[in-house]
Amino acid sequence: QVQLVESGGGLVQPGGSLRLSCAASGIIFSLYAMGWYRQAPGKQRELVAVVTPGETTNYADSVKGRFTISRDNAKNTVYLQMNSLKPEDTAVYYCNADHRPTRRVFWGQGTQVTVSS
């Protein structure tokens, strides 16, 4: 059984920081591209950041320079360090595991991030 369990969301003031974690089980973690997506109310889910098995990273333009994605294969965990948070970063953040050769994709349940004063 595959599980992706996110944690670390919450309420933060503009300019603040949060670190999201996603612990994976039931997959060979090192073989998967791991990503963070977000969905704000009334909007489509969008890619925030992704890290490949080879540790290549890619970011949405809106978060470049503020967010950092990283992975720890020994802990089967992917992280999203979010700095200089803005109200427009408010969304539910979802962890994603993507095994591109087989197109197997898994999602976490999401964690709420709210940026507000």
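Residue positions are counted from 1 within each chain, in the order its sequence is given. Under the rules for a predicted model, residues below a pLDDT of 70 receive no local features and side-chain atom pairs below 80 are neither given nor counted, while totals for whole chains, interfaces and linings still include all residues. Hydrogens and water molecules were not included; the side-chain quantities draw on all heavy atoms of the structure.

> Could you give an account of the pairing of strand 1 (residues 3–7), with specific residues and numbers?
Here's how the labels work: a residue is buried when its accessible area is under 20% of the maximum for its type, exposed when over 50%, partly exposed in between, all with a 1.4 Å probe on protein chains only. The numbering of helices and of strands both runs from the N terminus, where a helix is a DSSP run of H or I of at least 4 residues and a strand a run of E of at least 2. Going residue by residue along strand 1, you find Leu 4 and Glu 6 tucked away on one face and Gln 3, Val 5 and Ser 7 left uncovered on the opposite face. Pairing between strand 1 and strand 3 (residues 18–25): five bridges, direction antiparallel. In the sheet register, Ser 7 faces strand 3, and the bridge partner there is Ser 21. A pair of strands is labelled paired if DSSP reports no fewer than 2 bridges between them.

> Give a description of the pattern of salt bridges that names residues and reports values.
Just to be clear on terms, a salt bridge is a Lys or Arg side-chain nitrogen sitting within 4 Å of an Asp or Glu carboxyl oxygen. Going through the model one piece at a time under the given rule, you end up with five salt bridges. The shortest N-O distance in the salt bridge between Lys 64 and Asp 61 comes to 3.1 Å. Put simply, Asp 89 and Arg 66 hold a salt bridge, and the shortest N to O gap is 2.8 Å. Of the two residues, Asp 89 is situated in the loop between strand 8 (77–82) and strand 9 (91–99) and Arg 66 in the loop between strand 6 (57–59) and strand 7 (67–72); the sequence distance between them amounts to 23 residues. In this structure, Asp 89 and Arg 66 share a single accessibility class: buried. Taken together, the salt bridges that share partners define one network made up of Arg 38, Glu 46, Arg 66 and Asp 89.

> Mind laying out the state of the cysteines, listing which residues take part and the relevant values?
Here a disulfide denotes a covalent bond joining the sulfur atom of one cysteine to the sulfur atom of another. The disulfide definition used here is simple: a pair of cysteine sulfur atoms within 2.5 Å. Applying the stated rule across the entire model yields one disulfide. Covalently, Cys 22 is tied to Cys 95 through a disulfide, its sulfur atoms 2.1 Å apart. The S-S bond linking Cys 22 to Cys 95 shows a torsion near -80°; that makes this disulfide left-handed. One end of the pair, Cys 22, is in strand 3; the other, Cys 95, is in strand 9, with 73 residues separating them in the sequence. Taking the relative accessible area as the measure of exposure, Cys 22 reaches 0% and is therefore buried.

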